[in-house]
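Reading the structure
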Amino acid sequence: MATEEQKRLYRHNWFTKNRESLYENRRKNMRKWRLRLLDILGGKKCVSCGYDKDFRALNFDHLRDDGRKDRKIHYNSYGFYRFYSENPEIAKSNLQVLCSNCNTIKKYDNMNYLLNQSNDIDKMV
Ligand SMILES: [Zn+2]
């Protein structure tokens, strides 16, 4: 019967020996799930401006701007891609594909909207 220390040492040695192949598999799965998610959401193309030259410049935008909450639930990109690529209907109701430019512009438009709202509140006081 192995002691806890022997089990811990075995797990540590196994992980050390297999680390590179584990990371390589993770990278492959990330790419596979990311591409699958792009397909689910209509392809490798920005829904706002039509940009389609390089899919690495495409982002998954949260339609209801609840990305921060979503990132807490899925912990990291690996969990995020996996969850949405395995739940296409939820993905379609929560996400859209935007290029980095359109995603940044949307973020600043939302910030201005919030700033304008707070200005309105200041005027009312
Ligand atoms: Zn765009």
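Residues numbered from 1 in each chain as written. Predicted model: local features only at pLDDT ≥ 70, side-chain atom pairs only at ≥ 80, totals over all residues.

1. Considering the overall build of the protein chain
Selection rule: Every helix listed is a DSSP run of H or I at least four residues long, and every strand listed is a run of E at least two residues long, numbered separately from the N terminus. With C-beta atoms placed from the backbone, a residue counts as buried when 20 or more other C-beta atoms lie within 10 Å of its own, as exposed when 12 or fewer do, and as partly exposed for counts between those limits.
What the protein chain contains, in helices and strands, is five helices and two strands. When the helices and strands of the protein chain are read in sequence order from the N terminus, they spell out α-β-α-α-α-β-α. Principal axes of the C-alpha set define a box for the protein chain whose edges measure 75 × 40 × 25 Å. Burial statistics for the protein chain: of 125 residues in total, 12% are counted as buried.

2. Section: helix α3 (residues 77-86)
Rule in force here: What the arc describes is the spread of directions from the helix axis to the C-beta atoms.
Along α3, the positions that sit buried rather than exposed are Phe80, Tyr81 and Tyr84. The buried residues of α3 occupy an angular sector of 90° when the element is viewed end-on, so they sit on one face.

3. Regarding the confidence of the model for the protein chain
The cut-off we apply is this: The predictor reports its confidence for every residue as pLDDT, a score running from 0 up to 100.
For the protein chain, per-residue confidence averages 88 on the pLDDT scale, and residues scoring 70 or more make up 93% of the total. Mean pLDDT values for the elements of the protein chain range from 78 in helix α5 (residues 100-124) up to 97 in strand β2 (residues 95-99).

4. Things to note about the packing of helix α1 (residues 4-40) against α3
Note the threshold: What counts as an axis is a line fitted to C-alpha atoms, over the stretch in contact for a helix, and the angles between N-to-C directions run from 0 to 180 degrees. Here is the rule for angles: anything less than 35 degrees is roughly parallel, anything more than 145 is roughly antiparallel, 65 through 115 is roughly perpendicular, and the remaining ranges are oblique. For any helix crossing, the convention is left-handed if the near helix is rotated counterclockwise from the far helix by under a right angle, and right-handed if that rotation is clockwise. Once C-beta atoms are placed from the backbone, any two residues with those atoms within 7 Å are in contact. Only Asp, Glu, Lys and Arg are considered charged in this grouping, and only Ala, Val, Leu, Ile, Met, Phe, Trp, Tyr, Cys and Pro are considered nonpolar; every other residue, Gly among them, is considered polar.
Close contact between α1 and α3 brings their axes to 9 Å; oriented N to C, the two are set at 45°. Relative to α3, α1 is oriented oblique. Handedness of the α1/α3 crossing: left-handed. Residues Arg26, Met30, Trp33, Arg34, Arg36, Leu37 and Ile40 of α1 touch α3, and the partners they reach there are Ser77, Tyr78, Tyr81, Arg82, Tyr84 and Ser85. For the contact of α1 with α3, the class distribution of residues is seven nonpolar, two polar and four charged.

5. Quick word on helix α2 (residues 67-74)
Within α2, only zero of the eight residues are buried, which leaves the element largely exposed. Immediately downstream of α2, the backbone of Tyr75 shows phi near 70°, a positive value.

6. With respect to the nonpolar core
Definition in use: Structurally, a nonpolar core is described as a collection of buried Ala, Val, Leu, Ile, Met, Phe, Trp, Tyr and Cys residues joined by way of C-beta atoms within 7 Å.
Grouped together as the largest cluster of nonpolar side chains are 14 residues, with contacts concentrated most on Leu37, Cys46, Tyr81, Tyr84, Val97, Leu98 and Cys99. Only α1, β1 (58-62), α3 and β2 provide two or more residues apiece to this core. The element that contributes the greatest number of residues to this core is β2, accounting for four residues. Not counting residues within four places of it along the chain, the set of residues in contact with Leu37 comprises Phe60, Tyr81, Tyr84, Ser85 and Ala91.

7. A look at the environment of Ile90
When you line up the elements, Ile90 lands in helix α4 (residues 88-94). On the basis of neighbour counts, which here come to 11 C-beta atoms within 10 Å, the residue Ile90 falls in the exposed class. Remark: the alpha-carbon pair of Ile90 and Ala2, spanning 88 residues in sequence, is separated by 45 Å.

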